[in-house]
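Examination of the molecular architecture
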Amino acid sequence: MPLYKRSAFPLAEVPADISPNEEVFQVRFTKEIFRDYQEYLNRMKLYRQKVWTCKVTGKTNLDYEQALSSESKASELVQNFPKEFIGPVLRMVQFSPSCVSDLVDRIHKRFKDHFVEGEVLDGVCDGSVRTCKILRVLEENQECEPDNCSCSYEVAFIKSDGKVKCTDNINVQSLRRKKHPLTKCLLKSFIRESAFIGVSKKSRWAVHDNLARLHNVALHPTSEEESADGSDLREMCNGGSKVRNGVKRKNSDDDSVESNGNNKRKKSTDGSKQKYPIEDKLLPPPSERPAPSSEFSLPAECVGHLLMVWDFCSAFATSLEITQFTLDDFEEALCSKEEECPLLEEVHHALLKAILSNTNLCEKLQVKRKDKKGKRKLQILPETWKDDLADVLELIGSDKTKPYASSIRLGDYSELEPLARLEILHDLTEPSASSIVVRGQLDEHIPRRKDSKKKQASPEIEDEDDDEPPVGEHLAGTNGSSKLLKSFKRKKKPVAKKKQKEDADTSKCPLRNIYLGVDRDFNRYWFFPREPRIFIENEDSTKWSFYSDKEEFDAFCSSLNLKGIREKDLKEQIDQHYGTICVTFEAYQASSDSEHGSEHDSEHAEQSD
């Protein structure tokens, strides 16, 4: 089974008393059954995270299903492990303190020039090379060099029909292989499949009991091995490192061991403490976290398209020649049932102009509109935007939006549902993004953004002469010296103001939205500098919500657990953009207060009149 934090992960037990007609939730690849949907959802979220390790190969950063597949393929590879090498390899693995890579290298080097009983290879007999089989190892020196090896073996030379021709005692120099029987990849998979090691630095490898008994591998260490690290070896032999004899290791969050006989805990042998950050789900959920608002005028499933279209129009408003508008104004326009809606007319006209700047599409539309007198000159006018929109939808619209073309041509655009209008704008946004107009603005701003990043990366170099005014200003005389010095001091910009200017230059790039990160539940957080809200998108992109109050947002920031991997990264991103977020919130609050004040003054004036 895949490992979680280098430890075995227990599967959920099957609930008792399940009736045949009861509706339950089952995990497809583990066959776990849950009655509660939330428990099933939490388990699936954990399985989808890249925190699992293949037990056989040691591959990390896998989700649970990928780790299962890796173990299955590696187990098939282990089935081809030469049977005659199983016992000798297991004896070298048992109680070894080496890491898996060093152990693989040592075993691979060991059997490069040493042979085992039952191995079939080539041997020299009467001056000719014949097939032979190792019957017995007569003398073996484990530390000898390949050229001066004194090992000798009793071998049986085999005829072509498989019968034994004769037996003989020969030395290692008379035996040869065509290739090494054990690859390092095969050895690594076999070791991980056949043995285990604890998480402590002093732990040693231990072969599984059933394999050890089957291949005559010692179950208990020798006195020399035990004296090397007696406490750790005794713990391994008694099953303390994993799951032998009813003793199990708790999860790696507290590095503690709990036995069936009593509930006393004892610290791990190395006394190491938990290192943070860790997986967020292993930490307790926040006790107090403000609930975000989900009050949108449109259905929750189309909020993502709403934000995309609005952000595109806001970012490229200059190139598209449209007036900036707020997200609330955009929502209100989409839901409006009036015949004339200036905002939507302006947006549709601007997007159509950008799309038809494409020569190929423009030619197709001209061919579509040609009459008996020939081709008419293509003109995109604000008065005819509905006819132009209907023609463009018939050419490049999706299967959802093409049926709306006939209704729009008949002048029934105001009868369309808000969701249909948003789908039409979404279909127009994608070709507009690849138009000449938009690409021109991108080509202008992207190099500027790169230059500003280079300036931020380069260290500040301050000249020693900066503390003195320019030479020409000393000629002004005593009367004007104080004024010149004051003007010189005003000209000097502190580092903080320089940084603000660089940030302002960077923010001019049309790629305006800022992705802040994800929380413990994989909700994504977005910030748009023109909108005083922090938008929250759930993991499946089916639900959106937001924080629009600075106090609520500050309370949310305080509730983030910095011991979790995801929430720590989220907090760092929020801290990086916190100043910009606060300025946006405060500017919106100031504008709303001034509007309320002007309304109150007008009402007071009317009452006095």
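Residues numbered from 1 in each chain as written. Predicted model: local features only at pLDDT ≥ 70, side-chain atom pairs only at ≥ 80, totals over all residues. Heavy atoms only, no water.

Let's shift gears to the overall build of the protein. Helix and strand counts for the protein come out as 21 helices and 19 strands. Classification of the 609 residues of the protein by burial places 39% in the buried group. Nonlocal contacts in the protein, meaning residues at least 24 apart in sequence, comprise 55% of its contacts between residues at least 6 apart. When the accessible area of the protein is evaluated, it comes to approximately 36,700 Å², of which 49% is carbon and sulfur surface. (Helix = DSSP H or I, 4+ residues; strand = E, 2+ residues; numbered from the N terminus. Buried < 20%, exposed > 50% of the residue type's maximum accessible area, 1.4 Å probe, protein only. Contact = heavy atoms within 4.5 Å. Areas by Shrake-Rupley, 256 points an atom, 1.4 Å probe, with all protein chains shown as cover.)

We now examine the pattern of salt bridges. Evaluation of the coordinates by the stated rule reveals 19 salt bridges. A salt bridge links E567 to R289; its shortest N-O distance comes to 3.3 Å. One end of the pair, E567, is in helix α21 (residues 565-608); the other, R289, is in the loop between β15 (266-267) and α9 (303-315), with 278 residues separating them in the sequence. R409 is the partner of E394 in a salt bridge, and the nearest nitrogen-oxygen pair spans 2.9 Å. Highlighted residues: E394 in helix α14 (residues 385-396) and R409 in helix α15 (residues 404-409), separated in sequence by 15 residues. Take E394: its relative accessible area is 33%, and that puts it in the partly exposed class. Residues joined by salt bridges that share partners form a network here, namely E279, D280 and R566. (Salt bridge = Lys/Arg side-chain N within 4 Å of Asp/Glu carboxyl O.)

Attention now moves to the nonpolar core. L320, F330, L344 and L389 are the most contacted members of the largest nonpolar core, which has 53 residues in total. The residues contacting L344, other than those within four sequence positions of it, are F330, A333, L334, Y413, R421 and L425. (Core = buried A, V, L, I, M, F, W, Y, C linked by side-chain atoms within 4.5 Å.)

Moving on: the confidence of the model for the protein. Summary statistics for the protein give a mean pLDDT of 76 and a share of 73% for residues scoring 70 or more. Per-element confidence in the protein is highest for strand β17 (residues 524-527), whose mean pLDDT is 93, and lowest for strand β14 (residues 256-258), whose mean pLDDT is 38. Note that pLDDT drops below 50 for residues 230-271; the model gives that stretch 81 contacts with residues more than four away or on any other chain. Confidence drops under pLDDT 50 across residues 371-376; counting only partners more than four residues distant or on other chains, this segment forms four contacts. (pLDDT = per-residue confidence, 0-100.)

Turning our attention to a nonpolar patch on the surface. Among the surface-exposed residues, V14, I18 and V24 lie close enough to one another that they form a single nonpolar patch of about 220 Å² accessible area. Position of V14 among the secondary structure elements: in the loop between β2 (7-8) and β3 (25-26). Residue class for V14 comes out exposed when judged on its relative accessible area of 59%. (Patch = residues over 30% accessible without salt bridge, like charges linked within 9 Å, V, L, I, M, F, W, Y side chains within 5 Å.)

Neither face of strand β19 (residues 544-547) is open: one carries W544 and F546, the other S545 and Y547, and all of them are buried. Direction of pairing for strand β18 (residues 534-537) relative to β19: antiparallel, over a ladder of four bridges. By the bridge assignment for β19, I534 is matched with Y547. Here β18 hands over to β19 after six residues, with S541 in that stretch at a positive phi of 60°. (Pairing = 2+ DSSP bridges.)

Moving on, we come to the environment of D549. Within the secondary structure, D549 is located in the loop between β19 and α20 (550-559). Side-chain polar atoms of D549 contact the backbone nitrogen of E551, separated by 3.1 Å. (Polar contact = N/O pair within 3.5 Å; in protein donor to acceptor, adjacent residues only side chain to side chain.)

A surface patch of positive charge is lined by R130, K159, K163 and K165. With respect to the helices, strands and loops of the structure, K163 is situated in the loop between β8 (152-158) and β9 (164-171). (Lys, Arg positive; Asp, Glu negative; His and termini not counted. Charge placed at Lys NZ, Arg CZ, Asp CG, Glu CD.)

At a closest axis distance of 9 Å, the pairing of helix α12 (residues 342-355) and helix α16 (residues 418-433) adopts a crossing angle of 30°. By the angle between their directions, the pair α12 and α16 is classed as roughly parallel. The handedness of the crossing between α12 and α16 is left-handed. Contacts from L344, V347, H348, L351, L352, A354 and I355 in α12 reach R421, I424, L425, L428, T429, P431 and S432 in α16. Residue composition of the contact of α12 with α16, grouped by class: ten nonpolar, three polar and one charged. (Axes fitted to C-alpha atoms, helices over the stretch in contact; angles between N-to-C directions. Parallel < 35°, antiparallel > 145°, perpendicular 65-115°, else oblique. Left-handed = near helix turned anticlockwise from the far one by under 90°. Nonpolar A, V, L, I, M, F, W, Y, C, P; charged D, E, K, R; others polar.)

Before going further, it helps to examine the sheet that holds strand β1 (residues 3-4). Pairing is antiparallel in the open sheet, where three strands are placed in the order β2-β1-β5. Only two strands of the sheet have a single neighbouring strand rather than two, namely β2 and β5 (52-53). Strand direction decides the pairing type here: β1 and β5, joined by two bridges, are antiparallel. Note on β5: the bridge partner recorded for Y4 is W52.

Taking 1.5 Å per residue as the helical rise, α12 with its 14 residues ought to reach 20 Å, and the 20 Å between its terminal C-alpha atoms agrees with that figure. Along α12, ten of the 14 residues are buried, which leaves the element largely enclosed by surrounding structure. Within the sequence span of α12, burial applies to L343, L344, V347, H348, H349, A350, L351, L352, A354 and I355. (Expected span 1.5 Å × (residues − 1).)

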